[in-house]
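One-letter residues, chain by chain:
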Amino acid sequence: MWFVIGLIAGAFILFGLGKAVDATSTNDFCASCHVHPQATSSWKQGVHYATQSGYHVGCAECHLPPKGQGYLVEKIKTGGRDVWSNWTKDSTEFDWEAASTLERASKHVYNSTCVKCHENLFPAKLTREGSDAHLYYKQMTEKGEELQCISCHLNAGHYIKDYVHGSNKGFGLAQKQTDTIYTSPAVVTSFDNFIEQIPGSGISFHMIAIPGGTFTMGSPESEPLRNPDEIQREVSVDSFFIAEVEVTWDEYMEFYRETASEGRSTDTEGSRLNRKNDVDAITGATPPYGKPDQNWGMGQRPAISMSYHAAETYCRWLSQVTGRHYRLPVEAEWEYACRAGTETPYFFEGDPAKFEKRGLFGGKADTAVINTYIIYRGNSPSKTQEPMAVKANPWGLKNMSGNVAEFCSDIYEGTTEHVIRGGSYRDGAGGVRSAVRDHTRTDAWLKTDPQMPKSIWWYSDCFYVGFRVVMDTELKIKN
Amino acid sequence: MKKSPISRRNFLGTAAAAGAAGIIVPSLITSCKPNAKVILPVMLDKAPDGPLLKAGLIGCGGRGTGAALNFIHAGPNLTISALGDVFTDRIASCRERLAQDGVQIADEKCFTGFDAYQKVIESGVDIVLLATPPVFRPEHVEAAVSAGKHVFMEKPVAVDPVGVRQILASGEKAKGMELSIVTGTQRHHQHDYVATWGKIQEGMIGDIVSANCYWNQGQLWYREPNPSWTEMEYMIRDWVNWSWLSGDHIIEQHVHNIDVINWFTGKRPVSAVSFGSRQRRPTGDQYDNFSTDFVYEGGIHVHSMCRQINGCENNVSEWIQGTKGTSNCQNTVWDKKGEQLWKYDGYKLDAEGKMTEDLAISPYDQEHIDFVTSIRTGKPLNEAEFVAFSTLSGMMGRVSAYTGKLVTWDEMMNSEMKLGPKVYVMGPVDVPKTVPVPGE
């Protein structure tokens, strides 16, 4: 008797639970706590709401894995997290824009869910460009490489203004209107700061004269949050000029417009395609795939997404149009300029461990000082900022630390990759110290480029690296 | 390249592709499990009956006409209802030949010009048979599949990597639409080859350690220019001698043998280093000999040779070596001492009851029987990927010989190389016409 009652009760509970699981996965239920009107409206503007069949794909259909593939586990985890956030946090303080970046979106969109509905990656009306991209996806997945649907279709769930996934042929073709068009480069007669002018454009930028000297490169073992590759040694550098700020989009686009080529070449046809190389003409970047500026805006923000090769080609082009010798900095020059005579973790006073509290009981970080000098995770978790957002270092250089990491021409020891320095908007306080080192990751940064062959000009998956130009001086320097 | 799930899947895909209706390919047939009993694909002697199937032939030369005849004789209720070619004389000769077999094609169903394929596809056919020079194949397959047509296509299927990827994507589209794509790599439909393949899969020669393949023959046909022809017309009429039209003979002809190696090993080449040259070919820009060292997945070396020069030693065959024995891939397996372990015994018998080496049904007929059977039984065959990979394999050899450089699978798969002029019109042809010279 009790057994039967138990059975019936159990059945009711299970049935009820099933109901509860469904009831707590409706759009209304989601919206009852997730108070983010912008996400709701962008969802309603998106292609998964206004589907051709009239069916509205709901929140839980993309933001939870398919049933039977970890649905309940994930539901309990995210449900728990959401309830906690709802009690303890103020949703108006969330950076919703940051939550929409690919990096963050990958954590709450499930590929298994995408392909559960989109079983056929090659529908009859798929374009040739789409076919090539899906073929790439198929071959990569078969090799065991993880590729996300939203790497290319980030706007599938929520509408994103001006989102492009595809060859962006129109990129940067419109020239900025300016009053002044420089007819010649700047005249430099002494080893002093000057303003370089790009002939034929309205673009100029500040170059800072850095007298040579000897300094201690790397960091002491006692430095908080130090990495083992920051070995200390005495290094001497000659005098050089270095740009006040990272190469801006305005500067970079001048190069792009002047040298961009639409066609792509291949060297696999043997010598019958060997044509005379015009050594004087610099062939520049092909159109990017997607939006290299990530829709963050261009102008004075640092140019990003360009490959190391593209940055080097930019320097060659700049040298040609100005008649001077521009290049990427070597690592020692970079750190010398960044430190600007300081030997502390930053070029201003402060303790990395106090700026960045690690661990659950780390307490609240004291970030008032670092916030005024560096764009890093603490004040710009999701994107680059314009140089005016920070104060300069003692030698007048901005954003040496943070904002975007910068290419150096050295090879990082033990790899075939180039050194990058300075950390970026993605790093914590420990990652933007003057001694922090890192290197390029060519394969990973091209992972989602579906073009064949992959672009040598644009990284499809790296938005936190830019560069700064250095100019050699032939002027006699008195020390 | 590591042995990844993909190679095994391809391999099984081929197994499925090799047969016709109701094939059961147990999942235990993989190269990791030798000695398992291999169930060979069922190949019927005649395709089953069904509602009338109308095919359009695109490319009405010798092979196209042959394929059309193979098709209509594959079973009951099959016909050719439209013809397309760039040349009217080709249409006329094909029409005349088909009439001898009782197939009449109306004037309004005969289309000429570079867009004839589009008109054939739109003429109300269920199936297209594609037999133009291979440079046109990717575009034709793409159009046919997008229009929901089943496809029989001659090998090779492309002359460049861009075309190979177009074939791969069309093949995937066809899967989604449950369309059949059968290709003219007819050894997959040849009883003796299929039976031998089964023995190798069962482990009769052990693990495969190396392989060789050959297509060495005399000079192939060619045409001299004719003053009344434009350059484009001349090149197409002389197509087996021009690299942009045929892909060169390492692909155009030798793809058959490379395809057998890919099929029997269940692997594909990772890299290739190739020699080649042009000694005696009278027209065009192609080489007339290639010798290629392919390295396959797992470090297996495969040597491939092809030649089209008169008065030399000829040989068209494959050879595969394993840890326990060897096979000619066609009908015989030997042990390491040269003792015969197995020989195919399904050939026709002669008047005295002795076994010949002739098959009762030619593979050219069998491939169409299997094609029609797959359509009528609703069990689509899709050989697009396999033949695209074989074509790409041959292409590695060509590019390596032309450049003198090592060429990898990944390089070729990712290459933007596209041969031929940007647009097809009768008139001068804007392509390089010099013979490639390797090295610097």
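Note that the structure is predicted; figures quoted are calculated from it, not measured.

Colleague: I would appreciate a short explanation of the overall build of chain B in the present structure.
Modeller: Helix and strand content of chain B: 14 helices and 15 strands. With the principal axes as the frame, chain B shows a C-alpha extent of 60 × 60 × 50 Å. In chain B, buried positions account for 61% of the 440 residues. The long-range fraction of contacts in chain B, counting pairs at least 24 apart against all pairs at least 6 apart in sequence, stands at 72%. Distance between charge centroids for chain B: 4 Å, based on 43 positive and 50 negative side chains.

Colleague: In this structure, what is going on with the overall build of chain A? I would like to understand it.
Modeller: Along the backbone of chain A there are 15 helices and 11 strands. Sequence-distant contacts, at least 24 apart, represent 68% of the contacts inside chain A between residues at least 6 apart. Entry remark: accessible area of chain A is about 25000 Å², with carbon and sulfur atoms responsible for 56%.

Colleague: What am I meant to see in the pairing of strand S2 (residues 78-85) of chain B here?
Modeller: On a regular strand, each side chain points to the face opposite its neighbour's, so the side chains alternate between the two faces of the sheet. All names here are of chain B. A large share of S2 lies buried, amounting to 8 of its 8 residues. Strand direction decides the pairing type here: strand S1 (residues 53-58) and S2, joined by 6 bridges, are parallel. For lysine 54, the partnering residue across the bridge sits in S2 and is threonine 79. As a crossover connection, the stretch from S1 through helix H2 (residues 62-72) into S2 is right-handed.

Colleague: Looking at this model, I keep getting lost on unusual backbone geometry. Mind explaining?
Modeller: Outside of glycine, negative phi angles account for most residues, and trans bonds account for most peptide bonds. A cis amide bond links B:Lys155 to the next residue, B:Pro156, at an omega of -20 degrees. Structurally, B:Pro156 is set in the loop between strand S5 (150-153) and helix H6 (161-176). At A:Leu225, a position not held by glycine, the phi torsion is positive, near 60 degrees. By the secondary structure assignment, A:Leu225 is in the loop between strand S3 (213-217) and strand S4 (233-237).

Colleague: I'm lost on the packing of aromatic side chains in this one. Help?
Modeller: Pairs of aromatic rings are described using the distance from one ring centre to the other and the angle between the two planes. Residues and elements named next belong to chain A. Scanning all chains against the criterion turns up 43 aromatic pairs over all chains. With a centroid separation of 5.2 Å and an interplanar angle of 85 degrees, the aromatic rings of phenylalanine 194 and phenylalanine 241 are classed as edge-to-face. Note that phenylalanine 194 is positioned in strand S1 (residues 194-197) and phenylalanine 241 in strand S5 (residues 240-243), a separation of 47 residues in sequence. Summarising the burial analysis for this pair, phenylalanine 194 and phenylalanine 241 share the class buried. Through a chain of ring-to-ring contacts, three or more aromatic side chains come together here, namely Trp249, Tyr252, Phe255, Tyr256, Tyr314, Trp317, Trp458 and Phe467.

Colleague: Even after reading the chapter, I still don't get the pairing of strand S9 (residues 289-296) of chain B, so can you show me in this structure?
Modeller: All names here are of chain B. As paired strands, strand S8 (residues 269-277) and S9 are joined by 8 bridges and run antiparallel to one another. Residue glycine 276 lies in a different strand from S9, and its bridge partner there is phenylalanine 290. Bridging between S9 and strand S10 (residues 300-308) involves 8 bridges; their strand directions are antiparallel. Bridging from a neighbouring strand, threonine 292 pairs with serine 304 of S10. Taken together, S9 and the strand that follows it, S10, pair antiparallel across an intervening segment of 3 residues, in which glycine 298 is found at a positive phi of about 85 degrees.

Colleague: Quick question: what am I supposed to make of the nonpolar core here?
Modeller: Core analysis: the biggest nonpolar cluster contains 96 residues, and B:Val128, B:Val151, B:Met153, B:Trp244, B:Leu245, B:Phe264 and B:Met412 have the highest contact counts within it. Residue contributions to this core peak at 11 residues, all from helix H13 (residues 384-403) of chain B. Discounting chain neighbours no more than four positions away, the residues touching B:Phe264 are B:Tyr193, B:Thr196, B:Trp197, B:Ile200, B:Gln201, B:Ile208, B:Ile320 and B:Cys329. Core analysis: the next-biggest nonpolar cluster, separate from the first, contains 51 residues, A:Ala186, A:Phe241, A:Ala311 and A:Ala405 among them.

Colleague: Sorry if this is basic, but what is going on with the environment of B:Thr292 here?
Modeller: All names here are of chain B. Within the fold, threonine 292 resides in strand S9. Linking threonine 292 and histidine 303, residues 11 residues apart in sequence, is a C-alpha distance of 5.8 Å. When neighbours within four sequence positions are excluded, threonine 292 is seen to be in contact with Ile250, Ala272, Val273, Ser274, Val302, His303, Ser304 and Gly397. Here serine 274 takes part through its side chain, which lies 2.7 Å from a polar atom of the side chain of threonine 292.

Colleague: Just to check I follow, could you spell out the environment of B:Arg90 for this structure?
Modeller: Residues and elements named next belong to chain B. Structurally, arginine 90 can be placed in helix H3 (residues 88-100). For the pair arginine 90 and threonine 373, spaced 283 residues apart in sequence, the C-alpha separation works out to 29 Å. With residues near it in sequence (within four places) discarded, arginine 90 still touches Cys60, Gly61, Asp85 and Arg223.

Colleague: What should I look at first to understand the pattern of salt bridges in this one?
Modeller: Side chains that differ in sign of charge can pair as their charged atoms come close. All names here are of chain A. Applying the stated criterion across every chain yields a total of 35 salt bridges over all chains. Residue arginine 324 is joined to glutamate 196 by a salt bridge in which the shortest nitrogen-to-oxygen separation is 2.8 Å. In this pair, arginine 324 is assigned in the loop between helix H11 (308-322) and strand S6 (326-327) and glutamate 196 in strand S1, connecting sequence segments 128 residues apart. Given the relative accessible area of 16%, arginine 324 is considered buried.

Colleague: Would you mind going over the sheet that holds strand S6 (residues 181-183) of chain B with me for this structure?
Modeller: The pairing of strands in a sheet happens through backbone hydrogen bonds and is either parallel or antiparallel. Residues and elements named next belong to chain B. Strand order across the open sheet formed by 6 strands is S3-S2-S1-S4-S5-S6, with parallel pairing between neighbours. Looking along the sheet, the strands with just one partner apiece sit at the ends: strand S3 (110-112) and S6. Sheet twist, expressed as the average angle between the axes of neighbouring strands with direction ignored, equals 20 degrees. Across 4 bridges, the pairing between strand S4 (residues 127-130) and S5 is parallel. Looking at S5, one finds that valine 128 is bridged to valine 151. The strands touched by H2 are S1, S2, S4 and S5; relative to S2, the strand with the most contacts, the crossing angle is about 165 degrees. Packing of H3 onto the sheet brings it into contact with S1, S2 and S3, and relative to S2 it is tilted by some 165 degrees.

Colleague: How should I be thinking about the sheet that holds S1(A) in this particular structure?
Modeller: Residue and element names in this part refer to chain A. Reading across the sheet, the 5 strands line up as S1-S2-S5-S11-S6 and stay open at both edges, with antiparallel pairing between neighbours. Pairing within the sheet leaves two strands with one partner each, and these edge strands are S1 and S6. Bridge count for S5 against strand S11 (residues 470-472) is 3 bridges, and the pairing is antiparallel. Its bridge partner being in S11, phenylalanine 241 is matched across the sheet by methionine 471. The sheet contacts of helix H12 (residues 331-339) involve strand S2 (204-210), S5, S6 and S11, and relative to S5 the element is tilted by about 70 degrees.

Colleague: Just checking my understanding: could you explain the side chain of A:Thr384 for this structure?
Modeller: By the secondary structure assignment, A:Thr384 is in the loop between helix H14 (368-373) and strand S7 (405-411). Those residues in contact with A:Thr384, other than ones at most four positions away along the chain, are A:Trp296, A:Arg301, A:Pro302, A:Ile304, A:Asn403, A:Val404 and A:Tyr425.

About the cut-offs
Residues numbered from 1 in each chain as written. Chains lettered and ligands numbered in written order. Predicted model: local features only at pLDDT ≥ 70, side-chain atom pairs only at ≥ 80, totals over all residues. Heavy atoms only, no water. Helix = DSSP H or I, 4+ residues; strand = E, 2+ residues; numbered from the N terminus. Buried < 20%, exposed > 50% of the residue type's maximum accessible area, 1.4 Å probe, protein only. Contact = heavy atoms within 4.5 Å. Lys, Arg positive; Asp, Glu negative; His and termini not counted. Charge placed at Lys NZ, Arg CZ, Asp CG, Glu CD. Areas by Shrake-Rupley, 256 points an atom, 1.4 Å probe, with all protein chains shown as cover. Pairing = 2+ DSSP bridges. Right-handed = clockwise from strand over helix to strand, strands pointing away. Phe/Tyr/Trp six-rings, centres within 6.5 Å; stacked < 30°, edge-to-face > 60°. Core = buried A, V, L, I, M, F, W, Y, C linked by side-chain atoms within 4.5 Å. Polar contact = N/O pair within 3.5 Å; in protein donor to acceptor, adjacent residues only side chain to side chain. Salt bridge = Lys/Arg side-chain N within 4 Å of Asp/Glu carboxyl O. Axes fitted to C-alpha atoms, helices over the stretch in contact; angles between N-to-C directions.

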